[in-house]
Amino acid sequence: EPVIEALSKKYSKLYVFSKYNVVFENYPIGNVIFKNKLNFTEKVIMNLERIFKTSIWFKNLDGAYERDPKCHLLEAYRRKLSLDFTLRYPKLYLTQSEKLGSKMDRKYVVLHLESFSGKNYRMVYGISWEKVVEFFNNAGFMVYQIGKEKQPIEGTIYQSTNIRDMISLINGASLFVGIDSGPSHIAASIGIPAVIFFGAVNPQFRHLMEYFNGEILQPYCEYAFCYHESGYLKEVSCKLVGDNGIPPCSKHDTTRVINKIGVILSK
């Protein structure tokens, strides 16, 4: 979204092609038009620009970060497009009904633990989530668990959502707890306090720490941030335990996690 805003100031009309235009609903800049698919002529022009490595009509960000993985995502895009803008969290625009829909009678927490990667260093180990949920419930919070998990944690309310409903749900939460994922970035963008678990990924390449509201939990590992060491971000294996063990960067302690959550809630 910060890239879109910067480009909108440079061109009189900007067409944005993305599979996730639903994230940009209610975007207020008038010269920005979102498209879900390209027509035949646009596809031909885009392919010609790929062949001849030009960017007259299309500013293609595919692979921009993968080719430049040792920096923040937005920095990689900024370099690829030679843009000058201040790095910031994306802006999300909610309708009034989306804002009201997230306001419930009781305080609640949103929990998202589902990894879209099968790699062990992108998961969370060692935590008794039942104890974490019990802590929230005893403190007077409902806990909504989102994702496709068919066996939610005891004590949570499982909530299957589309992207807009998820944005609305997170918007009304007192706290977000989860792995490094799309939902966690939505929480950070809206400014919801968050506890986010990181493994082999460098959180400074995902978040803007001066603006981040919450805690990043990432245990020590002598090979920290190894995810960024492979060429074109090919999947790496943990140097200590391989693909099937529990990586040190992903092994957490229940008591420590609850204590961190308690500190944030007390604020």
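Scroll up for the structure.
Residues numbered from 1 in each chain as written. Predicted model: local features only at pLDDT ≥ 70, side-chain atom pairs only at ≥ 80, totals over all residues. Heavy atoms only, no water.

Okay, the environment of D165 next. Take D165: it is sitting in helix 6 (residues 163-171). Taking relative accessible area as the criterion, D165 reaches 44% and is therefore assigned partly exposed. For the pair D165 and S102, spaced 63 residues apart in sequence, the C-alpha to C-alpha distance is 8.8 Å. (Helix = DSSP H or I, 4+ residues; strand = E, 2+ residues; numbered from the N terminus. Buried < 20%, exposed > 50% of the residue type's maximum accessible area, 1.4 Å probe, protein only.)

Summed over the entire model, instances satisfying the criterion amount to 14 salt bridges. Ionic pairing is found between R88 and E1, a salt bridge with its closest N-O pair at 2.8 Å. Linking R88 in the loop between helix 3 (73-81) and helix 4 (96-101) with E1 in the segment before helix 1 (2-8), this pair joins segments that are 87 residues apart in sequence. Assessed through its relative accessible area of 17%, R88 is described here as buried. Beyond isolated ion pairs, a larger network of salt bridges with shared partners links E1, E5, R88 and K91. (Salt bridge = Lys/Arg side-chain N within 4 Å of Asp/Glu carboxyl O.)

What follows concerns the pairing of strand 7 (residues 194-197). Taking every second residue as pointing to the same face, both faces of strand 7 are buried, with A194 and I196 on one and V195 and F197 on the other. Across 4 bridges, strand 6 (residues 175-179) lies against strand 7 in parallel orientation. Across the sheet, G178 pairs through a bridge with I196, a residue of strand 7. In this fold, strand 6 hands off to helix 7 (residues 182-190), which returns the chain to strand 7; that crossover is right-handed. Taken together, the 4 bridges between strand 7 and strand 8 (residues 214-217) define a ladder with parallel strand orientation. The partner of F197 across the bridge, within strand 8, is L217. (Pairing = 2+ DSSP bridges. Right-handed = clockwise from strand over helix to strand, strands pointing away.)

Going through the model one piece at a time under the given rule, you end up with 0 disulfides. Looking at the unpaired C71, the closest cysteine sulfur is the one in C226, lying at 18 Å. Owing to a relative accessible area of 5%, C71 belongs among the buried residues under this scheme. (Disulfide = S-S within 2.5 Å.)

Everything listed here is a matter of geometry and, on its own, says nothing about what the molecule does.
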